[in-house]
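This is what each chain is made of:
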Amino acid sequence: MFQTLLNISSSVTRSPQLRWVLVLAAAVQLSACGGGGGGSSGGPAPAEGPDGLPIPGQGAGAPLQSGQYQIGGTIEGLEGEIRLTERSGAELTRNQNGAFVFNTPVETGAEYEVEVFVPPVGQSCTVEGGLGTVVNENISSVKVSCVKNDIRNTLSGEVTSAIAIVTDMDVNDPAAPFEENNSFDSAQPVASFATIQGFLTKSATAGNGRFSSGKTPETDPADYFAMTLSAGQRLELQIVDFDPAPGQERKVDIDMYLFDAKADLLTNSVGFGANEAVTIPATGDYVVLLEGVAGSSKYLLNVRAGTNASAGDMASDRVRPADFVPGELIVKRERSDSAAAPAHIAADVGSSMPELMTFDISGGTSAGLAFDGPASASVPEEFTLTDSEIEANQQLAARNPDAFTRLQTLRKMKRIAREPGVVYAEPNYLVAPTAIPNDRLWDRQWNFANIRLPQAWDITTGLAPAAPVTVAVIDTGIIAQHEDLSGQLVDGYDFISSPEQAGDGDGIDPNPNEELNASTGFTSIFHGTHVAGTIGAKSNNGLGVAGVSWGARMMPLRTLTERGETYDIIQAIRYASGLANTSGIVPSRRADVVNMSFGGPSYAQAVADTIAEASAAGVIFVAAAGNENNDADFYPAAYPRVIAVSAIDAANRRSPYSSYGGYVDVTAPGGDLARDDTGDARPDGVYSTSSEGPGQTQSVYLPLHGTSMAAPHVSGVIALMKGLYPALDHDGVMNLIRSGQLTDRLTDTEFGSGATQGTTVSFGYGRINALKAVQAASRLAAGTDVIPLPPALTATPSFVSLGLRDSAKFTLRNEGGGSLILSDLYADKSWLRVNSVNGGLFGDYNVVVDRSQLGDGVHGSTINITLYDEVLGTFHELQVPVSVRVGSESVAGVLTSVTVSLAESRTQQVVRTKRIGGNSGSSARYEFTDVPNGTYTLSVSSDIDFNGESCSVGEVCGAYPVLGDAQVVVVANESKGNLDLVTKLRTGVTASE
């Protein structure tokens, strides 16, 4: 049977077979290695002496091929190892006197030049007869002569910290500078934009580090940092050594608490994952407490610019995130006998209902919270307090007793949550209704605010009144065990019929999990898992990312690895649509929507017919428009009955890779990893679910970009609509798109209007608008074109970052209902002015700063907008955070104690080291004296946890001239200075980051 191969490879790797409908940013490091310059063939063997080399005076050997010859000669006076080079690029290493020859042939008429690349240690060498032209014969007259010398080589340079890198002042490296930062009074000052590398340990460390057994102190359980921060800034903590082995208990836990200048506990992040984060509620002075609960770990604390959550969403939080009742917890345990439970658990412990637990937190500051284990058990180490912890408790209790009781409540919660049999323990929170998810990476999902999803979620989150809406994801499969996809999947199927291509040892089977196929060399980026996460990742669960539709369920159908066959894809479409297929089974409930983030240039009638049959049954198809950056038709997006989606970046421009043309229906965020239009110091990719680690067991979240990432936005929005109006079909969606009820029109500055009225070449009918979509579905469900909808206020951009500019604009819109009038509009700082450009309520507003009142640094203000709905009689508030920078645009880093290493380039064996830095400056100098002739590489690394590992995650490191592109330093009887290095902080993205 003839089968057409579909292209699913990257737009960077233009494979003739497959092209992913996404663009990957790849960093490729090239390294060069020396050698003998290659072998020879094709001619008679040269005359040889007893050492196997050509005999000088008889020619360097017969030509290898017609017109090719060899270069050689003799070495004398050698007392070590010498490395010679020839103009052709050949290199030769010798450690004895006598004849030599370069094996790389040269052609007649070519110029040759023999040079000493690296002389022997303690010797200087000269070359005679090493320069000339080859004329129809081998060259054997080169003479290399070596004599002793007393030249002493020195290598030196400067190591500079990358900007905005600061190191915790009490790390485990005993050679690093030490200053306690374990309490409010000793909080370490940090700039308002910086990344802190630090170390915490709840118990004595191994080895001979600063906090090893027998040292004083033996632990470093807390770090306090003092900062001046602006409203909307974000503190993101990465616990570097978090990850436990599969199936093992977590051994590392660090919590984060935010206090204001009055020591009031404003908010906290006290999860059990590898990452914690808090958002700054208002501009002011703060103290950040990082507290080790268990284990030892390096950490990275990133002080970021403003959040990407819309200002309206921030305003909807009527209660502070940390508001709860002190001394109360809500606890749920596994069903068990009440006799086995600790005394503080109520007698109905065997019930499945969570209980309200109350406890006394007035026990003072000099003792840890009560240990709830058996009386005969020894008190675990984490339940005892060090002198520094007692002192910090006393300081907080004296400054703010209420904050101390709240902190003790959260500490108690963490300890209860770690007990055996506890399902969860959480504060008795005071909450307010909101449709904004608490997923940890929500602030990175600029793409959702771009299509008005937060406002749409105020109407529906996709939880259908009957069965959940099902979206089939025809792709590379799924990582079903991902923490943000658990419970979001229905049964799927693996339709890859080729066992070799599938990589799982058989043909089609009921397991759609993505497999890594070593036999084909395919390196997965978990494309299907990423696409599925955008559509319907588990949302509002405190993990990872949110999905477009919180209530949708995904049907993973595996048809692709680095390529896919149309026959397999046809079977997957038929399965998703409830039609007969090669698996012999059909799902109990067919898919409502099918997402296809793949494609190629070839039209296949069989695929077009299958889609038409399935569409007639009510299935809606969405496909990526392609990453070809041209207007050629791309399939399946260009088939009839398929909604084709192009990609835009965060600034609503066509993404540079995105295809365009008459077949494009709508556009959606696909991102551009080469840009940062959001201003959050990250590439503008689409964050979603992915995986890594042995057996793909680790849940991670990665930014990708491509039309593959754009299409699932549209699939998810249609799923939201189907939840409200199940009768929706392809024709209904397209009619709404054509009438402008699902999209926002974008100006196409590149190619202009399309051939069809109301379209543009790049964007079709415009950018998908989730709010408009669910409003349209609501009207369809109600059987009327006019239904009462609440106001939906938006500000674009939602966070105004002036930087060094004096003015900027934002646009105020109401994309909902109601009859609104202005009640109040003001900026909470006197140095900021705001006014309407056109004098009306909605439209553009000017924001102007007066820097004459401000000192150097980053300053923040909030624009407060209050509107009154005359129909509903309700007030609606919107807040727009603003940040302003005064003075230098960069923040100098502080170079911690680092080790500069000199290594032999061929073996990478370290031959010299030098400790420098740690003097509060941004740079320090190093020098190596008496360096033997040779080839070397230079590197530098910190070791703040003192585990002997260089350049690991959480450390600063560098190489000459730059990290990732180290170059060989040739030492040949000459000292070299200005060998400068710049350190870079090694970071990583892990689960829940």
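Residues numbered from 1 in each chain as written. Predicted model: local features only at pLDDT ≥ 70, side-chain atom pairs only at ≥ 80, totals over all residues. Heavy atoms only, no water.

Notes on the overall build of the protein chain
Part 1: A count of helical and extended segments in the protein chain gives 12 helices and 51 strands.
Part 2: Relative to its full complement of 993 residues, the protein chain shows a buried share of 55%.
Part 3: For the protein chain, the exposed surface amounts to about 39400 Å²; the carbon and sulfur share of it is 50%. (Helix = DSSP H or I, 4+ residues; strand = E, 2+ residues; numbered from the N terminus. Buried < 20%, exposed > 50% of the residue type's maximum accessible area, 1.4 Å probe, protein only. Areas by Shrake-Rupley, 256 points an atom, 1.4 Å probe, with all protein chains shown as cover.)

Brief notes about helix α2 (residues 387–399)
Part 1: An ideal rise of 1.5 Å per residue puts 18 Å on 13 residues; α2 measures up with 19 Å between its terminal C-alpha atoms.
Part 2: Every buried residue belonging to α2 is among S388, E389, I390, A392, N393, Q395 and L396, and all of these are buried.
Part 3: Residues of α2 that are buried in the fold lie against β14 (222–229), β16 (253–260) and α3 (401–417). (Expected span 1.5 Å × (residues − 1). Contact = heavy atoms within 4.5 Å.)

A closer look at the sheet that holds strand β4 (residues 91–94)
Part 1: The strand order across the open sheet formed by four strands is β4-β3-β6-β8, and the pairing between neighbours is antiparallel. Both outer strands of the open sheet, β4 and β8 (131–133), are each paired with one neighbouring strand and no more. The mean inter-strand angle of the sheet, taken between neighbouring strand axes irrespective of direction, is 25°.
Part 2: Here four bridges tie strand β3 (residues 82–86) to strand β6 (residues 111–118), and the two strands are oriented antiparallel to one another. Among the inter-strand pairings, L84 is bridged to a residue of β6, identified as V116. (Pairing = 2+ DSSP bridges. Axes fitted to C-alpha atoms, helices over the stretch in contact; angles between N-to-C directions.)

Side note on helix α12 (residues 770–782)
Part 1: Between its terminal C-alpha atoms α12 stretches 18 Å, which fits the 18 Å expected from 13 residues at 1.5 Å a residue.
Part 2: Buried residues of α12: A770, L771, A773, V774, Q775, A776, A777, S778 and R779, and no others.
Part 3: On the buried face of α12, the contacting elements are α5 (453–457), α10 (707–724), α11 (730–738) and β35 (767–768).
Part 4: For α12, the side-chain oxygen to backbone nitrogen distance between the N-cap and L771 is 3.0 Å, and the N-cap itself is N769.
Part 5: With its phi angle positive at about 75°, G783 sits one or two positions after the end of α12. (Polar contact = N/O pair within 3.5 Å; in protein donor to acceptor, adjacent residues only side chain to side chain.)

Observations concerning the nonpolar core
Part 1: Ranked by size, the top nonpolar core spans 54 residues in total, and within it I643, V714 and L742 carry the most contacts.
Part 2: Tallying contributions element by element places α10 first for this core, with nine residues.
Part 3: For V714, the contacting residues outside a window of four places in its chain are V622, I643, V645, V666, A668 and I768.
Part 4: L560, A576, M596 and F598 belong to the second largest nonpolar core, which has 35 residues in total. (Core = buried A, V, L, I, M, F, W, Y, C linked by side-chain atoms within 4.5 Å.)

Focus on the pairing of strand β41 (residues 843–849)
Part 1: The sheet contact formed by strand β38 (residues 807–814) and β41 spans six bridges and is antiparallel. From the neighbouring strand, F810 faces β41, where its bridge partner is Y845.
Part 2: Bridge count between strand β40 (residues 832–836) and β41: five bridges; the pairing is antiparallel. Within the sheet, the bridge partner assigned to V834 lies in β41 and is V847.
Part 3: Adjacent in sequence and paired antiparallel, β40 and β41 are bridged by six residues, among which G839 carries a positive phi angle near 85°.

As for the packing of α2 against α3
Part 1: Their axes nearest at 5 Å, the elements α2 and α3 cross at an angle of 135°. Judged on the interaxial angle alone, α3 and α2 are oblique. Here N393, L396, A397 and R399 of α2 lie close against α3, whose contacting residues are P401, A403, F404, L407 and R411.
Part 2: For the contact of α2 with α3, the residue count by class is six nonpolar, one polar and two charged. (Parallel < 35°, antiparallel > 145°, perpendicular 65-115°, else oblique. Nonpolar A, V, L, I, M, F, W, Y, C, P; charged D, E, K, R; others polar.)

Topic: the confidence of the model for the protein chain
Part 1: With 82% of its residues at a pLDDT of 70 or more, the protein chain has an overall mean of 81.
Part 2: Across residues 337–353, confidence stays below pLDDT 50; counting only partners more than four residues off in sequence or on other chains, it has 24 contacts.
Part 3: Contacts for the low-pLDDT stretch residues 367–382, under 50 throughout, to residues beyond four places or in other chains number 28 contacts. (pLDDT = per-residue confidence, 0-100.)

Let's talk about unusual backbone geometry
Part 1: The residue after T796, namely P797, is reached through a cis peptide bond having omega 0°.
Part 2: Within the secondary structure, P797 is located in the loop between β36 (793–796) and β37 (800–803).
Part 3: The amide bond that connects Y960 to the next residue, P961, takes the cis arrangement and shows omega of 0°.
Part 4: Turning to its location among the elements, P961 is positioned in the loop between β48 (956–959) and β49 (969–971).
Part 5: In this structure, R641 takes a positive phi of about 70° despite not being glycine.
Part 6: Given a relative accessible area of 28%, R641 falls into the partly exposed group.
Part 7: A positive phi is found at Q908, a non-glycine position, where the angle reads about 60°.

Focus: the state of the cysteines
Part 1: If you walk through the whole model with that rule in mind, you get two disulfides.
Part 2: Linked covalently through their sulfurs, C125 and C146 form a disulfide whose S-S length is 2.2 Å. Across the S-S bond of C125 and C146 the torsion is about 110°, and the bridge reads as right-handed. Here the residue C125 occupies a position in strand β7 (residues 123–128), and C146 occupies one in strand β9 (residues 139–148), the gap between them amounting to 21 residues. Accessibility assignment for this pair places C125 and C146 in one class, buried.
Part 3: One disulfide bridge connects C951 with C957, the sulfur atoms lying 2.1 Å from each other. Residues C951 and C957 are joined by a disulfide whose S-S torsion is about 50°; by sign, that bridge is right-handed.
Part 4: Disulfide connectivity for the protein chain, with bonded cysteines indexed by sequence position, reads 1-2, 3-4. (Disulfide = S-S within 2.5 Å.)

Looking at the sheet that holds β14
Part 1: If you trace the five strands from one edge of the open sheet to the other, you get β12-β14-β19-β16-β17, paired in mixed fashion. Two strands bound the open sheet, and with one partner strand each, they are β12 (188–189) and β17 (265–269).
Part 2: With four bridges connecting them, β16 and β17 associate as antiparallel partners. Residue F259 lies in a different strand from β17, and its bridge partner there is L265.
Part 3: Sheet strands in contact with α3 are β16, β17 and β19 (284–294), and its direction is about 165° off that of β16.

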